[in-house]
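One letter stands for each residue in the lines below.
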Amino acid sequence: MVMDPPMSVSGPEAEPTKFLKSKVVSKVAPSFITEHPEFIYPCVYDMCVLDIYIPTLSLYRLDSTLPLAFSDFVHNVKDSLSKVLSLYYPMAGKWVVAEDLYIRKLLCSDEGPVFVEATVDDEMDKYFDFDHDLNPPTDLFGEFAIPGFSVEDPQMMPVNKEWPNLIIQVTGFKCGGVALVVSYNHMLADGFSFDRFLKAWSEIAATGHTSVKPIFDRSSLPSLFDRAQMYGLSPDMKNVDDVLSNMFRSFPSSRGNPSITYRSVSKSYDIKPDAVERFRQKAKEGHASEKLELPERFTNFECISTQMWRCFSRLPSGHEHMTSKDKVYFFFPVEGRKRMCNLPLPDDFVGNILLTVAPPTMTGPELCEKSYAFAACKIHETILNLNVETAAMILDEQLKAMIRLTPTTHERLQETQSEKTEDSPRRVQCALSSWVRFENFYNMDFGFGVPFRVTLCPFHTIPDFPLAYLLPPRPQSGDVATMFMRLSARMAELLLQDPEFQDLVS
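What you see is a predicted model, and the numbers here were worked out from it, not measured in a lab.

Engineer: Would you mind going over the confidence of the model for the protein chain with me for this structure?
Structural biologist: Averaged over all residues, the pLDDT of the protein chain is 84; the fraction at 70 or higher stands at 80%. The low-confidence segment residues 1-13, where pLDDT is below 50, has 28 contacts with residues more than four positions distant or belonging to other chains. Counting contacts from residues 249-260, a segment whose pLDDT is below 50, to residues more than four positions away or on other chains yields 41 contacts.

Structural data, given as structure tokens:
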């Protein structure tokens, strides 16, 4: 059944900011509306991800600096977006607070994502420093268009308790450069799903059609209602004052706590094939006393993640807030459409079918006393051992821990920290997320060529939590991956002093 689309809402030209010369905020409705459910309810896998926006930044260079070229680019982005939204109708909706155990629900309203068109009277390269610190102005991200959204503390509930599922901003610079930022809410989809969305969008932009057939039905996956008793929750529990929601918006943000002085930096590094091959050969040189069972070949991810685990493990002894007694919890997400579900899910399923897993937790000195092969084998075994049964166990453990340990206020977080003495060991968290096989980042052509640089650009900050992403390499670069890192300035300095890290990125 096809219905008339709702009217696309366009706001008047908004007040320019110190950075933006002009900006216009609107919404892009689907080109046509198909019959679909009013709501999509999250499954337990959706509840295990951070409830945040994941911004992807794509940089273009237009052949012309004339305003007409930028206007044509924006028109093509909007036109193809409206068409792909007819297939991906949840992307045109918004998350709202549920007053029951579902906690969140996605209202498929077809009103369209937030779309911001802006201009800057300056050179584009001035604002994107990939070599030293990639922290572009928050005016580029579009989140300011959400009523009550706090860029300073992105985990805070928006005033109207609504989150657009998708936010897009296109910014034109006087040099002919264009920055396209596409931010999606992680609660709906993992990176794999987002890459399929980009595939559909790029195909429609190029041909008007797509081979992607998205699936949103979560009926085969458990919800919090299904697991309520297991998690110690009552099925008829009401979400009064959004107490339950706080359980799943609990990561500490330094920006939301003025008492914490914290500055993060974002850096990008290119990883060369010869570096990965050196690690692969190094992994064959395990200590005989360790009695390791080496796989026939370690994957690129296993080689890189092993090196980063070892590098992260050396940070505690050099960081002013950590000691050599601290346990290092290194984790990474694993996508599981084929390995974690009783009935394997198709590639076009849109959701969060991933779990964060971790090799054994140990102190930095304990890990570094072992061979590189030992660490590589632990990474390999962690991935290999993930199946339907183990995934269910890990999922239940993670959700129970989230419910049991949720800090609903910054004060509780401060109390927990104050209970620790200087000599008390703690668990230091660090993570690596691989997006390297997502091949559609560099296929987004809106009639002016593909982007010359694409990167994730998350602006949320978690103190003392180094986070790295493996991204697709730039086309024709010959690199294995680009690694984007967000961490404290002190940790970044320490990493650059580490010979093993230098061996990875130089």
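Engineer: What is the right way to look at unusual backbone geometry in this model?
Structural biologist: As a rule of thumb, non-glycine residues mostly have phi less than zero, and peptide bonds are mostly trans rather than cis. Its identity is not glycine, yet D110 carries a phi of approximately 60°, on the positive side. Here D110 is to be found in the loop between β8 (104-107) and β9 (114-120). Here the phi dihedral of Q476 falls at roughly 65°; this positive angle occurs in a residue that is not glycine. With relative accessibility at 80%, the residue Q476 sits in the exposed group.

Engineer: Sorry, what's going on with the nonpolar core here?
Structural biologist: Membership of the largest hydrophobic core comes to 150 residues, with the highest contact counts inside it found for Y45, F128, V170, W201, W435, M483 and M485. Ranked by the residues each element gives to this core, the list is headed by helix α2 (residues 67-87), at eight residues.

Engineer: Quick question: what am I supposed to make of the packing of aromatic side chains here?
Structural biologist: Under the defined criterion, the tally for this structure stands at 30 aromatic pairs. Where W309 meets F330, the ring centres are 6.2 Å apart and the plane angle is 10°; that geometry is what we call stacked. Residue W309 is located in helix α7 (residues 300-313), and its partner F330 is located in strand β14 (residues 327-335); the two are separated by 21 residues in the primary sequence. In this pair, the class of W309 matches that of F330, namely buried. Ring geometry for W435 versus F441: centroids 6.1 Å apart, planes at 65°, classification edge-to-face. F441 sits in the buried class, given a relative accessible area of 2%. In textbook terms, an aromatic cluster arises when at least three aromatic residues are bridged by ring pairs, as seen for Y60, F73, Y88, Y89, Y184, F194, F197, W201, F216, F446 and F448. We note R453 situated over the ring of F130; from NZ or CZ to the ring centre the distance is 3.9 Å.

Engineer: For this particular structure, what's the right way to read helix α6 (residues 273-282)?
Structural biologist: Spacing of three or four residues puts side chains on the same side of an α-helix, whose turn is 3.6 residues. Taken as a whole, α6 has its buried residues at A275, V276, F279 and R280. All buried residues of α6 lie within an arc of 140° about the axis, which places them on one face of the element. In this structure, the buried residues of α6 make contact with β13 (264-271), α7, α9 (372-384) and α13 (499-505).

Engineer: Would you explain the sheet that holds β8 in this entry?
Structural biologist: Pairing between sheet strands relies on hydrogen bonds along the backbone, with the strands arranged either parallel or antiparallel. Taken in spatial order, the four strands make up an open sheet running β5-β8-β7-β10, and their pairing is antiparallel. The sheet is open, and its two edges are formed by β5 (39-40) and β10 (162-164), each paired on a single side. When strand β7 (residues 94-97) meets β10, the two strands line up antiparallel, connected through three bridges. Counterpart to K94 in the pairing with β10 is P164.

What counts, and where the lines are drawn
Residues numbered from 1 in each chain as written. Predicted model: local features only at pLDDT ≥ 70, side-chain atom pairs only at ≥ 80, totals over all residues. Heavy atoms only, no water. pLDDT = per-residue confidence, 0-100. Contact = heavy atoms within 4.5 Å. Helix = DSSP H or I, 4+ residues; strand = E, 2+ residues; numbered from the N terminus. Buried < 20%, exposed > 50% of the residue type's maximum accessible area, 1.4 Å probe, protein only. Core = buried A, V, L, I, M, F, W, Y, C linked by side-chain atoms within 4.5 Å. Phe/Tyr/Trp six-rings, centres within 6.5 Å; stacked < 30°, edge-to-face > 60°. Lys NZ or Arg CZ within 6 Å of the ring centre and 35° of its normal. Arc of directions from axis to C-beta. Pairing = 2+ DSSP bridges.

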